[in-house]
Structures are given as C-alpha cells and as structure tokens.
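These are the residues of each chain, in order.
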Amino acid sequence: MSFKEVVNIMETRIEYDSMGPVEVDARRIYGPQTQRSFNNFKIGDHRIPIEQIKALALVKKACALTNAKCGAVTEEKAKLIAQVVDEIVDGKWDDEFPLTVFQTGSGTQTNMNVNEVIAHRAKQLDESNPLHPNDDVNRGQSTNDTFPTAMHICAYFEITKRVIPALDGLIQSFEKLQEKGKGLQKVGRTHLQDATFIMVDQEISAFVEGLKTAKTMLVQNADHLLDVALGGTAVGTGVNTPKGYLDVMETVLPEVTGAPFRVKNNKFQGLSLKDAFMMAHGALNTLATTLFKIANDVRFLGSGPRCGYGEWHLPENEPGSSIMPGKVNPTQCEALAMVCAQVFGHNTTMTLCAGSGAFQLNVYMPIMIYDFVESCRLLSDAMNSFTTHCIDGVEFVPEKLNFFVEQSLMIATSLTPYIGYDKSAKVVKEAYKRGCSIKEIILEEKLMTEDEFAEAVRMK
C-alpha cells in the first residue's frame, strides 16, 4: 500500500445511510448525506448562506423542544439538540456546512447537513444518549417545511437587523444635509432641461421621504415573513407530527427565535408558494430603485468640477484616473448603483423561481435564499459606505447654485400671471438668442417694473 493510500485511509471514516457506506472526511462532524451532496454537486462556489444555516438550526431547536413537550423525544435528547444548536448559532461550527446552493431545489441535503452535524456533535457531548439525524433531530419534520421556515426566519432577521439599521443611518445623513440646504435656491430640472426654481432642502426632501417610504414598505412586507410553514412536513398535511404539535410550537418558536413567528396558517400555501418571500424581496427591490435614482442624482449634482453641474462638492476619497492627474470620481455613487443593478437581477431570478414550483412544493429555494441574503448584505453594506464616504461629507457650492439661478430662462414661468404665457415665451426666446437675462428683456421692454419683477420671482 502506497503512502498516499495510507494517508487517504487515515483522513476518512466510513459511515452509513440508507444507500450504503460512504467515506466521510474524518476531520468533519457532518455525515454521509452531506458527503454525498458535497461529492455530487461540485457546481460553482456559491454556498448556502450561514445565516440560513443558523436559522435552520433554530428551527431544529424549536422542533426538539416542541417534540419533548409532546412526548415525541426525551427531554435529554431535546436538551442535547438545543445545546448543539446554540453552538451553531454562536458560529462554532461554520466550516461544517460546505454545501453548494446548486443542489436539490428543496434544500434536502442542507437540512440533512444540519441534522447530521447536530447528531454527531451531540454524540461527542454525550455518548450515552446517541441521536439519529432523521429519527431524533428531524423528528416530526420534512425539509419541505423546515427549509422554507428557515428562509422566513433568515429573511426577517436580515431585513430587521441588517438592512433597516443601515437605511436609518442613510436617512439621518440626508436629513442633516437637508437642514444644511435650507435657504439655498437652485434651478429645478425636468426632462434634463431647466425648470422652475426649487430650494436645495426641497430637492433633498424627496430623497428623505423616498427612503422613509422604502423603510415602511420593508417593515410592512417583513410582517408576512412571520407566517411560517413549520408543521406542514412533506406536503402540508402535517404527517408524522405528534398530537398538539402546532399548539405547543406556537409558543416555542417565538421563544427560541426572539421574534413573533406564527405557525397557525395554511401549510399548503407555505410549502407550494413563495408569495410572502417575494413581497419581502420586492420591498428590497423597491429600495434598490430608490437608491439607484438617488445615486445617479447625487453624481450628476456633483459632476464637474468646472464643466458639469457642480452644485454639490462630493468627498474626494481616492484618485479617479490612472492617466488624468487630479481627477476625482463619484465612486460611492457608482458602487451603490452597481449594487442596485445586482439586486434587480436577484429579483428577476427570484421571480422566475417563485413562479416555477410545481404542485405541493417549490424546488428553487436554495438560490432564492442565497439571492435574498446577498441582496440584504449588499444593500446594507452599500448604504453604510454611501453614508460614511459620501453623504456625510457633501458640501454645497453656493456660487454654482447662484450662477444657474441667474442664468435660468425658466424664471419666466413666474412672470406668466403678470404678462401672460405668450409674452413670457417671447421673452425667453429673445433672452436665449441674445445671451442675456430674462430680467434685462423685461425691463428693457417695460413689461414690468423692477419691484414687480422681484416680487414675481421671489420664492413663495
């Protein structure tokens, strides 16, 4: 026997499942079904998000405690499961969950991955009380109800604990900028053309209210995630759950998760449809569209510094060109816009996946939770970066604001109540032709006095 063969034998152990023996990496505490999946699905490097793993572990804890109260497992086994779950949630066993997103569409292998890790670790803690990954850890469960339940738990916490705090920070930053912009007049723009005057704080108020509206939508849609499929087992009927399961789970699951998840609902909907999940990501997608618009407005307002709009001075964080000395670019705006584009893509993928489930089960769930978590992570990181490295450091350029106000031809809009639309249009054309101001033409043709003109164009 060669040295390599000896090393290979030393590095693996033989374990058995319903299909027979499997060589399992001896360094790991997962089992044969995890190893089979790891061997059979070497597709990309997208891993099931650890946030989903931890949510699934919490489901296992809730099920164990519920089963114990219902007499389906012993108190000792339930305590062992709960102890290992606490270790998983604390991040002690992150490396034991290596499976790719591109596996079975129900997430069965990941469900068994969690079951096997819990069973194996429990054996390390108490050899006298062995746990079976299916009969004990998975008791009264199916991947078909545990995996989507974990998706809802994971998604709810991603929104409430990650996205909303980052969004709140950006809102507060814009509110400070809005206050700073009070008293500054500027030219409004519609169709990328000059429009009537607006105040700087009024322009920013659109950003503030848009982000607050996005937050409201996130909170409202996250509430639908609180309804979970747990208790539906294989097809929604709850087959193999002990008597009184949902009545007990109704109290246990909120206690385990620390959030008011609800189990008294239609399980057939919970297994076969992904409407609540899509509504939640739809709110993320709406936030992304708002951020996309804001990012583009900010980079236009900061364009220049001499040959663009140049009304805002954006923080200068890094050199912007490898060839043009002194050039600085709106990089935070560009990064945020790219994140938004990625979220749009996620929403398209998830729309296809949510609508493609068949009969009693959706079989596109791993990629849906992967995209959801990535959307949350990217949006929160990008908002934090945009807040700290851009909006917090914005300064207005009053001389550029005043220059555009003085040069604007759309000041004529304020004159129409005094001289009418047709005369105002004629004045605009003449001023544009001669390259002079509206005021010069008005006074020259004695259409209004200087005091009347000042009163007409004063911001109300």
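Cut-offs applied
- Residues numbered from 1 in each chain as written.
- Predicted model: local features only at pLDDT ≥ 70, side-chain atom pairs only at ≥ 80, totals over all residues.
- Heavy atoms only, no water.
- Phe/Tyr/Trp six-rings, centres within 6.5 Å; stacked < 30°, edge-to-face > 60°.
- Helix = DSSP H or I, 4+ residues; strand = E, 2+ residues; numbered from the N terminus.
- Buried < 20%, exposed > 50% of the residue type's maximum accessible area, 1.4 Å probe, protein only.
- Lys NZ or Arg CZ within 6 Å of the ring centre and 35° of its normal.
- Lys, Arg positive; Asp, Glu negative; His and termini not counted.
- Salt bridge = Lys/Arg side-chain N within 4 Å of Asp/Glu carboxyl O.
- Polar contact = N/O pair within 3.5 Å; in protein donor to acceptor, adjacent residues only side chain to side chain.
- Contact = heavy atoms within 4.5 Å.
- Pairing = 2+ DSSP bridges.

Draft legend 1. Inspection of the packing of aromatic side chains at higher detail. Across all of its chains, the model carries nine aromatic pairs by this definition. Consider the rings of Phe157 and Phe261, whose centres lie 6.1 Å apart with planes at 90 degrees: the pair is edge-to-face. In this pair, Phe157 sits in helix H7 (residues 143-180) while Phe261 sits in the loop between helix H9 (245-257) and helix H10 (267-272), placing the two residues 104 residues apart along the sequence. For Phe157, a relative accessible area of 16% puts it in the buried group. The class of Phe261 is buried, set by a relative accessible area of 3%. An angle of 40 degrees between the planes, with centres 4.7 Å apart, marks the rings of Phe277 and Phe372 as tilted. Residue Phe277 is found in helix H11 (residues 275-301), and its partner Phe372 is found in helix H13 (residues 365-389); the two are separated by 95 residues along the sequence. The pair Phe277 / Phe372 is uniform in exposure class, with both members buried. One aromatic cluster in this structure is built from Tyr156, Phe157 and Phe261. Directly above the aromatic system of Phe38 lies the positively charged group of Lys42, at a separation of 4.3 Å from the ring centroid.

Draft legend 2. Just the side chain of Asp145, in detail. If you trace the backbone, Asp145 turns up in helix H7. Buried and without a salt bridge, Asp145 has Lys267 as its closest oppositely charged side chain, separated by 7.3 Å. A distance of 3.4 Å separates the side chain of Asp145 from the backbone nitrogen of Gly232, its partner in a polar contact. Setting aside anything within four residues of it in sequence, one finds Asp145 in contact with Ala229, Leu230, Gly231, Gly232, Thr233 and Leu271.

Draft legend 3. Spotlight on the pairing of strand S1 (residues 12-17). In terms of strand pairing, S1 meets strand S2 (residues 20-25) through six bridges, oriented antiparallel. The residue of S2 that forms the bridge with Ile14 is Glu23. The antiparallel pairing of S1 with S2 creates a hairpin that spans two residues between the two strands.

Draft legend 4. Main features of unusual backbone geometry. The omega angle of the peptide bond from Gly304 to Pro305 is 10 degrees, so this bond is cis rather than trans. For His191, which is not a glycine, the phi torsion comes out positive at approximately 60 degrees. On the secondary structure map, His191 appears in the loop between strand S3 (185-190) and strand S4 (193-199). Owing to a relative accessible area of 77%, His191 belongs among the exposed residues under this scheme. The phi dihedral of Asn240 is positive, around 75 degrees, even though this residue is not glycine. Tracing the sequence through the fold places Asn240 in the loop between helix H8 (200-222) and H9. For Asn240, a relative accessible area of 65% gives the class exposed.

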